[in-house]
Amino acid sequence: MTGQKIDGITVANSVKELVRASVSELKKDGVEPCLATILIGDDPASASYVTSKQKDCAEVGIITKDHRLPQEFSQMELDSLIDLLNNDKTVHGILVQLPLPKQLDEFSTTTRISPIKDVDGLTPYNVGLLASGRAILKPCTPSGIMELFDYYGIDLSGKNVVIINRSNLVGKPLYHLMLEKNATVTTCHSKTKNLKDLCLGADIVVTAVGNRAKFTLTADMIREGAVVIDVGTSRVNGKLAGDADYDGIIKKASYATPVPGGVGPMTRAMLLRNTVTAASISKGFATNR
Ligand code: GUN
């Protein structure tokens, strides 16, 4: 059996089309959707992610406000900037690029963002809504993965799912979203025993380790016909690679995402959708009822 490639670029483009239409509608109502990005420090990878996010916004008509700050920026200065953006009516979404330099606290920083401008879905309020199945602003990577299942008609009900990641950005929110769709979800991490056995028992494996030197998901770790979603990114010989040995996996899986061109474009597209949703919330257009 050779599986089908899940083409994240195509699905992301269809999400972007819808976002573009929503942006036009909002503009007719006098709302100019705007995302403020905050990047602290000089990490080249983070800088390039933020630049890509801004380019994506421009493509669909979302305004961006770029805040690039020095490595030694203090927590007090960052808190003041977030307060300023929280109170700025022309700003609908606030994204603080992670990870932060070590003098800054990730939890207190994300917690300070107004929940209605929290396009990463990381504030305790939005995390709580997600756990209750009532979220409006959901973390971008997990909601992008859910869009992929939807687009390819992959039903989660009753499926055994293994997620190899327990982060606040990926593993934990994805657990809730998949549970909501009636999957039986097992969250795995660096201390999990018998990872291979758990993967072999799974209908769907989502891997987000991002350290190819330490971990590779290989074909012998999945069952025939499994769905493999690869969120990991590492550099192998200077080239971008996922967690999975895609060429081996696709011979055994029913569906698999490549890296690049799988989950990555979806994460970016969902940020655009969240920004438009946040702009709609500002007008009282979006609810979780
Ligand atoms: N760093 C890596 N992924 C993300 C993300 O989805 N959001 C933010 N804010 N930072 C990140």
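What follows deals with the sheet that holds strand β4 (residues 93-96). Taken in spatial order, the 3 strands make up an open sheet running β3-β2-β4, and their pairing is parallel. Lying at the two open borders of the sheet, with one neighbouring strand each, are β3 (63-69) and β4. Neighbour-to-neighbour, the strand axes of this sheet turn through a mean angle of 15 degrees, independent of strand direction. Two strands pair when backbone bridges link them, and strand β2 (residues 34-40) and β4 are joined in this way by 4 bridges, in the parallel orientation. From the neighbouring strand, Ala36 faces β4, where its bridge partner is Ile94. The strands that helix α2 (residues 44-60) touches are β2, β3 and β4; relative to β3, the one it contacts most, it runs at about 165 degrees. Its contacts with the sheet put helix α3 (residues 75-86) on β2, β3 and β4, and the angle it makes with β2 is roughly 175 degrees.

Below, the discussion takes up the packing of helix α1 (residues 8-28) against helix α6 (residues 140-151). Close contact between α1 and α6 brings their axes to 10 Å; oriented N to C, the two are set at 100 degrees. Comparing the axis directions of α1 and α6 gives the class roughly perpendicular. Residues Gly8, Thr10, Val11, Ser14 and Val15 of α1 pack against Glu147, Leu148 and Tyr151 of α6.

The next thing to look at is the site of the ligand. Taken together, Leu95, Val96, Gln97, Leu98, Asp120 and Leu169 make up all the residues around the ligand. Interatomic distance of 3.3 Å between a side-chain N/O atom of Gln97 and a nitrogen atom of the ligand. One of the side-chain N or O atoms of Asp120 is found 2.6 Å from a nitrogen atom in the ligand. A total of 280 Å² of accessible area belongs to the ligand in isolation, and the protein chains cover 78% of it. Here the residues of the shell around the ligand sort into 4 nonpolar, 1 polar and 1 charged.

To continue, consider the packing of aromatic side chains. On inspection of all chains with the given rule, the structure shows 2 aromatic pairs. Here the aromatic rings of Tyr152 and Tyr255 are separated by 5.9 Å at their centres, their planes lie at 65 degrees, and the arrangement is edge-to-face. Remark: Tyr255 occurs in strand β11 (residues 255-256) and Tyr152 occurs in the loop between α6 and β5 (160-164); sequence separation between them is 103 residues. Taken together through their ring pairs, the aromatic side chains of Tyr151, Tyr152 and Tyr255 make up a single cluster.

With that out of the way, let us pick up unusual backbone geometry. Where the residue is not glycine, phi is negative for most of them; where a peptide bond is considered, it is trans in most cases. The linkage connecting Leu98 with the following residue, Pro99, adopts the cis geometry, with an omega of 0 degrees. Of note in the backbone geometry, Asn182 takes a positive phi value of approximately 70 degrees without being a glycine. Of note, Asn182 is situated in the loop between α7 (171-180) and β6 (184-188). Its identity as a non-glycine residue notwithstanding, Asn237 has a phi of 50 degrees, on the positive side. We classify Asn237 as exposed; its relative accessible area is 79%.

With 48 residues, the main nonpolar core has Ile62, Phe149, Met178, Ile204 and Ile229 as its most contacted residues. Broken down by element, this core gets its largest block of residues, 9 residues, from helix α10 (residues 263-282). With residues up to four places along the chain from it excluded, the contact list for Ile229 reads Ile6, Ile145, Phe149, Val205, Val206, Thr207, Thr257 and Val263.

Moving on, we get to α6. In an α-helix, one turn spans 3.6 residues, which is why side chains three or four residues apart end up on the same side. With 12 residues, α6 should cover 16 Å at 1.5 Å per step; its first-to-last C-alpha distance of 16 Å lies within 8% of that length. By the criterion of burial, α6 is predominantly enclosed, with 10 of the 12 residues buried. Considered for burial, the residues of α6 that qualify are Cys140, Thr141, Pro142, Ser143, Gly144, Ile145, Met146, Glu147, Leu148 and Phe149. Lining the buried residues of α6 we find α1, α7, β7 (204-207), β8 (227-230) and α10. Positioned one or two residues after α6, Gly153 has a phi angle of 65 degrees, which is positive.

Spatially, β1-β11-β8-β7-β5-β6 is the arrangement adopted by the 6 strands of the open sheet, whose pairing is parallel. Either end of the sheet is taken by a strand with one partner, and the two such strands are β1 (4-5) and β6. Note that β1 and β11 share 2 bridges and pair parallel. If you follow Gln4 over to β11, its bridge partner there is Tyr255. Along the sheet face, α7 touches β5, β6 and β7 and points at about 170 degrees away from the line of β5.

Reading guide: rules and limits
- Residues numbered from 1 in each chain as written.
- Predicted model: local features only at pLDDT ≥ 70, side-chain atom pairs only at ≥ 80, totals over all residues.
- Heavy atoms only, no water.
- Pairing = 2+ DSSP bridges.
- Helix = DSSP H or I, 4+ residues; strand = E, 2+ residues; numbered from the N terminus.
- Axes fitted to C-alpha atoms, helices over the stretch in contact; angles between N-to-C directions.
- Contact = heavy atoms within 4.5 Å.
- Parallel < 35°, antiparallel > 145°, perpendicular 65-115°, else oblique.
- Near = heavy atom within 4 Å.
- Polar contact = N/O pair within 3.5 Å; in protein donor to acceptor, adjacent residues only side chain to side chain.
- Areas by Shrake-Rupley, 256 points an atom, 1.4 Å probe, with all protein chains shown as cover.
- Nonpolar A, V, L, I, M, F, W, Y, C, P; charged D, E, K, R; others polar.
- Phe/Tyr/Trp six-rings, centres within 6.5 Å; stacked < 30°, edge-to-face > 60°.
- Buried < 20%, exposed > 50% of the residue type's maximum accessible area, 1.4 Å probe, protein only.
- Core = buried A, V, L, I, M, F, W, Y, C linked by side-chain atoms within 4.5 Å.
- Expected span 1.5 Å × (residues − 1).

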